[in-house]
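These are the residues of each chain, in order.
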Amino acid sequence: MAPSTVTRRSSSGITIVNLDYAPQPAPGQPIFTWSYTKDSPDQFSVWFFNTDPKASNTWVLSSSNFPTRNPNTTSGTKQGRTTVDALRGVVGTYEIALCKNNITAKSPSPSEVYSKSNPFRVHKKDFQT
């Protein structure tokens, strides 16, 4: 899938500016770049959001405690990646969401979304077998 440029802005100062999805080798990896400001929180969580209106579980936590900044900087851009392993074989169209980092075992969805990527498609072959 070609890179997608994202223009959604966030009051948190964290904004996804680019997303590349590398489906192979499995597991597929969303590689995302975000910008941050001096007012951004120190950490955030990364979630998958299933855009299919018929999906029973639309939010899936990928990672928590993602550090926002590069060392010794107050603003700039940073790149991160995750894998589709958390989706447990559920194919679909997803967005990556950078969210407030207040995860508990009972969190079925994020309490606050800072920024979302453009959608990308996850296929069955993108998962390790």
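Residues numbered from 1 in each chain as written. Predicted model: local features only at pLDDT ≥ 70, side-chain atom pairs only at ≥ 80, totals over all residues. Heavy atoms only, no water.

(A) Spatial organisation of the pattern of salt bridges. Under the counting rule described, the total for this entry stands at three salt bridges. Note that lysine 38 and aspartate 39 form a salt bridge whose closest N and O atoms lie 3.9 Å from each other. For arginine 69, the salt bridge goes to aspartate 42, with nearest N and O atoms at 3.0 Å. In this pair, arginine 69 sits in the loop between strand 5 (59–67) and strand 6 (76–81) while aspartate 42 sits in the loop between strand 3 (29–36) and strand 4 (43–50), placing the two residues 27 residues apart along the sequence. Taking the relative accessible area as the measure of exposure, arginine 69 reaches 18% and is therefore buried. Accessibility expressed as a relative area gives 59% for aspartate 42, which makes it exposed. (Salt bridge = Lys/Arg side-chain N within 4 Å of Asp/Glu carboxyl O. Helix = DSSP H or I, 4+ residues; strand = E, 2+ residues; numbered from the N terminus. Buried < 20%, exposed > 50% of the residue type's maximum accessible area, 1.4 Å probe, protein only.)

(B) Layout of the layout of surface pockets. What the largest pocket holds in volume is close to 170 Å³. Contributing to the lining of the largest pocket are Asn50, Ala55, Ser56, Asn57, Val60, Leu61, Ala86, Leu87, Arg88, Val90 and Tyr94. Among the residues forming the lining of the largest pocket, the class breakdown is seven nonpolar, three polar and one charged. (1 Å grid on protein atoms, 1.4 Å probe; cavity = no way out; pocket = protein on both sides within 12 Å on 5 of 7 lines; lining within 4 Å. Points joined across faces, edges and corners; volume = space filled by probe spheres on them. Nonpolar A, V, L, I, M, F, W, Y, C, P; charged D, E, K, R; others polar.)

(C) Just the packing of aromatic side chains, in detail. A complete count under the given rule lists nine aromatic pairs for this structure. Where tryptophan 34 meets phenylalanine 66, the ring centres are 5.9 Å apart and the plane angle is 70 degrees; that geometry is what we call edge-to-face. In this pair, tryptophan 34 sits in strand 3 while phenylalanine 66 sits in strand 5, placing the two residues 32 residues apart along the sequence. Among the aromatic residues, ring-to-ring pairing joins Phe32, Trp34, Phe44 and Phe66 into one connected group. (Phe/Tyr/Trp six-rings, centres within 6.5 Å; stacked < 30°, edge-to-face > 60°.)

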